[in-house]
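# Structure at a glance
Below are the chains, spelled out letter by letter.
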Amino acid sequence: MLEPGRADVDDAPRGVAIVEAEASDGVRSPVDVLRLATAAALAALVLLAEWLVGDTLVAFASELFSGLSALPAWMVNLVVTGSRLLAVMLLLAGAATVLRSGRWRPVLPVLAASTVAAALTGVLGVFDAAAGDAAVAVDWPLGPVTDPGFPTTAGLAAMVAATTAAAPWLARRWRRVGWVAVLGLATAGFLAPPASSETLAAVLLGWLAGAAAVVVFGGPWRRPRGRAVAAGLAEVGVPLARLEQANLDARGSTPYFAVTATGARLFVKTLGEDERLR
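Starting afresh in each chain, residues are numbered from 1 along the sequence in its written order. Where totals are concerned, whole chains, interfaces and linings use all residues; where local detail is concerned, this predicted model gives features only for residues with pLDDT of at least 70, and gives and counts side-chain atom pairs only at 80 or more. Side-chain measures here rest on the full set of heavy atoms in the structure, leaving out hydrogens and waters.

## Things to note about the overall build of the protein chain
Put simply, the rule reads: The numbering of helices and of strands both runs from the N terminus, where a helix is a DSSP run of H or I of at least 4 residues and a strand a run of E of at least 2. Exposure categories follow from relative accessible area, calculated using a 1.4 Å probe and restricted to protein chains: below 20% of the type maximum is buried, above 50% is exposed, and the middle band is partly exposed. Between two residues, a contact is recorded if the distance between any of their heavy atoms is within 4.5 Å.
Counting its regular elements, the protein chain contains 8 helices and 4 strands. The helix and strand sequence of the protein chain, counted from the amino end, reads β-α-α-α-α-α-α-α-β-β-β-α. Counting every position in the protein chain, which comprises 278 residues, the buried fraction comes to 42%. Counted over contacts in the protein chain with a minimum sequence separation of 6, partners at least 24 positions apart contribute 79%.

Shown next, in the form of structure tokens:
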């Protein structure tokens, strides 16, 4: 579940001499800063709209989703309850993974982001947002999970913040699962309780707090390390004898000088996830 900064590769080839600088667990990417600015702008926009025309937006949303009441009850219960159960299971799985792996570095930013997000929802008056009629009704007797008030606004914001803050440390598959759970939880939070703009505000405030935690605390090294590079080249039929990180300005990439098992010399450039997505 946790992805230790792309640096730990168990199947790295043996006998390869690797010389490289030590990786830091406090890396800050320009993409992280851009994400924080975007979250701040959207949160401010939604809170401003809520303050100016909150009643109108809630009335429009209630009418827009009123047709969902015609859906079969079992389908509504399945979607809403399933989303909530998935979110709870992910929280438990994340806690178990941290305890089992002993990797405590992501815990502080996750806890800080969750606490700040929950506090922001109260300080900025999200709990006082205008409310309309519920779009659907959940009637499965499964305890607190099917309660109309689950999750609370603070809980939803904390969940979004935790997912955002933990994202740099998670493998891609688990990041996707986490965001699917957040999306489902937010959708259920909007449909099941009386409709209001507080759900959207909570999501954006959680995203803002999580993005801020990533910028403040930093994340893992996101570019391939020497062991990963050596393993990747060996998989494509280019086994190495030596790999040394080059002290060069490579415009955002990490360059290496390599010597193959046959004595040939190579120049290798590696890119992190942020650079590959540009």
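Having seen it, we continue.
## Re helix α6 (residues 198–217)
The criterion, for reference: By this rule the span expected of a helix is its residue count minus one, scaled by 1.5 Å.
A rise of 1.5 Å per residue sets the reference length of α6, with its 20 residues, at 28 Å; its end C-alpha atoms lie 28 Å apart and thus fit the reference within 8%. Of all 20 residues that make up α6, 15 are buried, and the element is covered over most of its length. Phi for Gly218, located one or two positions after α6, is positive at around 80 degrees.

## Here's the deal with the packing of helix α4 (residues 153–166) against α6
We apply this condition: A fitted line through C-alpha atoms serves as each axis, taken over the contacting stretch for helices, and the angle formed by two N-to-C directions is quoted from 0 to 180°. Two helices that cross are described as forming a left-handed crossing if the nearer one is turned anticlockwise from the farther one by less than a right angle, and a right-handed crossing if clockwise. Throughout, the ten residues Ala, Val, Leu, Ile, Met, Phe, Trp, Tyr, Cys and Pro are labelled nonpolar, Asp, Glu, Lys and Arg are labelled charged, and all others, Gly among them, are labelled polar.
Contact geometry for α4 and α6: axes closest at 7 Å, N-to-C directions at 35 degrees. For α4 against α6, the interelement crossing comes out right-handed. On the side of α4, the interface is formed by Thr153, Leu156, Ala157, Val160, Ala161, Thr164 and Ala165, while α6 contributes Glu198, Thr199, Ala202, Val203, Gly206, Trp207, Ala209, Gly210, Ala211, Ala213 and Val214. The residue makeup of the contact of α4 with α6, split by class, is 12 nonpolar, 5 polar and 1 charged.

## Description of the packing of aromatic side chains
Applied cut-off: Each Phe, Tyr or Trp ring, with Trp reduced to its six-membered ring, pairs with another whose centre is within 6.5 Å; inter-plane angles below 30 degrees give stacked pairs, above 60 give edge-to-face pairs, and intermediate values give tilted ones.
By the definition in use, this model includes 1 aromatic pair. Arranged with centres 5.6 Å apart and planes meeting at 50 degrees, the rings of Phe257 and Phe267 form a pair that is tilted. Residue Phe257 is located in strand β3 (residues 254–260), and its partner Phe267 is located in strand β4 (residues 265–270); the two are separated by 10 residues in the primary sequence. Exposure remark for Phe257: the relative accessible area of 43% places this residue in the partly exposed category. Looking at Phe267, the relative accessible area reads 46%, which means it is partly exposed.

## Quick word on the pairing of strand β2 (residues 240–245)
Put simply, the test is: We treat two strands as partners when DSSP finds at least two bridges between them.
Relative to β2, strand β1 (residues 17–19) runs parallel, the two being bridged by 3 bridges. Across the sheet, the residue bridging to Ile18 is Leu243, located in β2. Two strands pair when backbone bridges link them, and β2 and β3 are joined in this way by 5 bridges, in the antiparallel orientation. Counted as the bridge partner of Leu243 is Ala258 from β3.

## Side note on the pattern of salt bridges
Note the cut-off: Criterion for a salt bridge: a side-chain nitrogen of Lys or Arg within 4 Å of a carboxyl oxygen of Asp or Glu.
One pass over the structure, following the stated rule, counts 3 salt bridges. For Arg225, the salt bridge identified is with Glu20, shortest N-O distance 3.4 Å. Highlighted residues: Arg225 in the loop between α6 and α7 (226–235) and Glu20 in the loop between β1 and α1 (30–64), separated in sequence by 205 residues. For Arg225, a relative accessible area of 9% puts it in the buried group.

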